[in-house]
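Here is what each chain is made of, one letter per residue.
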Amino acid sequence: MKVDSHQHFWEYDPNRQDWITDDMKRIRRNFLPGDLFPLLQDAKIDGCIAVQAEESLRETDFLIDLAQQHEWILGVVGWADLGSDGLEEVLENYSENEHLVGFREVLQSKDPRYMLREEFIRGIHKLGEKGYCYDLLTFPQHLEATLELVKKCPDQRFVIDHLSKPGIKSGAWKEWKKLISPLAERELVWCKLSGMVTEADWQKWTYEDLFPFLEISMELFGPKRLMFGSDWPVCLVAGEYEQVFRVIEEFSSQLSTSEQDRIWGETALEFYQIS
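Residues numbered from 1 in each chain as written. Predicted model: local features only at pLDDT ≥ 70, side-chain atom pairs only at ≥ 80, totals over all residues. Heavy atoms only, no water.

Details of the overall build of the protein chain
Phase 1 of the analysis: Per the secondary structure count, the protein chain includes 9 helices and 8 strands.
Phase 2 of the analysis: Radius of gyration (C-alpha) of the protein chain: 17 Å, near the 19 Å computed for a compact globule of 275 residues.
Phase 3 of the analysis: In terms of principal-axis extent, the alpha carbons of the protein chain reach across some 45 × 40 × 40 Å.
Phase 4 of the analysis: Buried residues in the protein chain amount to 58% of all 275 residues.
Phase 5 of the analysis: Within the protein chain, counting contacts between residues at least 6 apart in sequence, those at least 24 apart form 80% of the total. (Helix = DSSP H or I, 4+ residues; strand = E, 2+ residues; numbered from the N terminus. Rg over C-alpha atoms; globule rule 2.2 N^0.38 Å. Buried < 20%, exposed > 50% of the residue type's maximum accessible area, 1.4 Å probe, protein only. Contact = heavy atoms within 4.5 Å.)

Pasting the structure below:
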């Protein structure tokens, strides 16, 4: 089974999607399952993981509702306030829902020390107790704090979204590699091969710009902890779905069939515990 481990849906609202700036006008509209399904079919991808793009329980419910309507939406990574005193009740309310597989917060917009607050770490532990994983949306400057978080939650499954958004446009891989390497040494930390074209030059990125970062990710995590993600529709500001797909297809062509199977689906199914 081939799986897109990272994509989004939304009904566009300028207040809720206020992060969509003027230079991202192409994605200032609704993006729903009917828009994505033909693209998955063309790429021969069997299913996807829908990931939150808004910090609200409304967003979590919205994605769960879509997953209930479309069996090819294999799982939902929702949002919850991990530092809230009401987190236990929120998780209990979702406990019977088979579509909700994990949670995420937009940590990239917050101070790196935000994730090291006692209440946040307590929230991560509660997720683990309920069997949920956690998606880490960060920039490289968050990675030192991320490592501290991971060490404080040694039994929790984490996945780094978008390789932690390295400076692909500037080719700045050395410092990023230094920061992400200790995280790759942790057995319960995975990484998504996603969100790369939007960190490159939107108008003129090439495979040569992206491949050094893919090669380092392969070196550090190996295929058993790497998974393909399109980051659609955000990727559309820099490339079509097919272009993003072709990058990973071209890169993975040097790998064995079993290694390709991991990156294209098996890793995501294992991480999100989807059978």
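Structural notes on the nonpolar core
Phase 1 of the analysis: By size, the foremost hydrophobic cluster in this structure holds 86 residues, and its most contacted members are Phe9, Tyr134 and Leu149.
Phase 2 of the analysis: The biggest single contributor to this core is helix α7 (residues 207-221), with 8 residues.
Phase 3 of the analysis: Counting residues in hydrophobic clusters, the runner-up holds 15 residues, among them Val51, Leu74, Trp190 and Phe271. (Core = buried A, V, L, I, M, F, W, Y, C linked by side-chain atoms within 4.5 Å.)

Observations concerning the sheet that holds strand β4 (residues 100-105)
Phase 1 of the analysis: What the 8 strands build is an open sheet, ordered β1-β2-β3-β4-β5-β6-β7-β8; its pairing is parallel. In this open sheet, the two edge strands, each paired with only one partner strand, are β1 (3-7) and β8 (226-228). When the angles between neighbouring strand axes are averaged without regard to direction, this sheet yields 25 degrees.
Phase 2 of the analysis: Bridge count between strand β2 (residues 47-51) and strand β3 (residues 73-78): 4 bridges; the pairing is parallel. Its bridge partner being in β3, Ile49 is matched across the sheet by Gly75. (Pairing = 2+ DSSP bridges. Axes fitted to C-alpha atoms, helices over the stretch in contact; angles between N-to-C directions.)

Quick notes on the side chain of Asn97
Phase 1 of the analysis: Along the chain, Asn97 turns up in the loop between α3 (87-94) and β4.
Phase 2 of the analysis: Not counting the four nearest positions on each side in its chain, Asn97 is found in contact with Ile64 and Gln68.

Section: the packing of aromatic side chains
By convention here, two paired aromatic rings are described through the distance between centres and the angle between planes.
Phase 1 of the analysis: By the definition in use, this model includes 17 aromatic pairs.
Phase 2 of the analysis: Grouping aromatic residues by their ring pairs yields a cluster made of Phe9, Trp10, Trp19, Phe31 and Trp232.
Phase 3 of the analysis: Above the plane of the ring of Phe62 lies Arg58, whose end atom (NZ or CZ) is 5.7 Å from the centre.
Phase 4 of the analysis: In this structure, Arg157 is placed above the aromatic ring of Phe271, and the distance from its NZ or CZ to the ring centre is 5.7 Å. (Phe/Tyr/Trp six-rings, centres within 6.5 Å; stacked < 30°, edge-to-face > 60°. Lys NZ or Arg CZ within 6 Å of the ring centre and 35° of its normal.)

Here's the deal with the environment of Leu149
Phase 1 of the analysis: Positionally, Leu149 belongs in helix α5 (residues 143-152).
Phase 2 of the analysis: With 34 residues separating them along the chain, Leu149 and Met115 place their C-alpha atoms 6.9 Å apart.
Phase 3 of the analysis: The residues contacting Leu149, other than those within four sequence positions of it, are Met115, Leu116, Phe120, Ile121, Ile124, Leu136 and Phe158.

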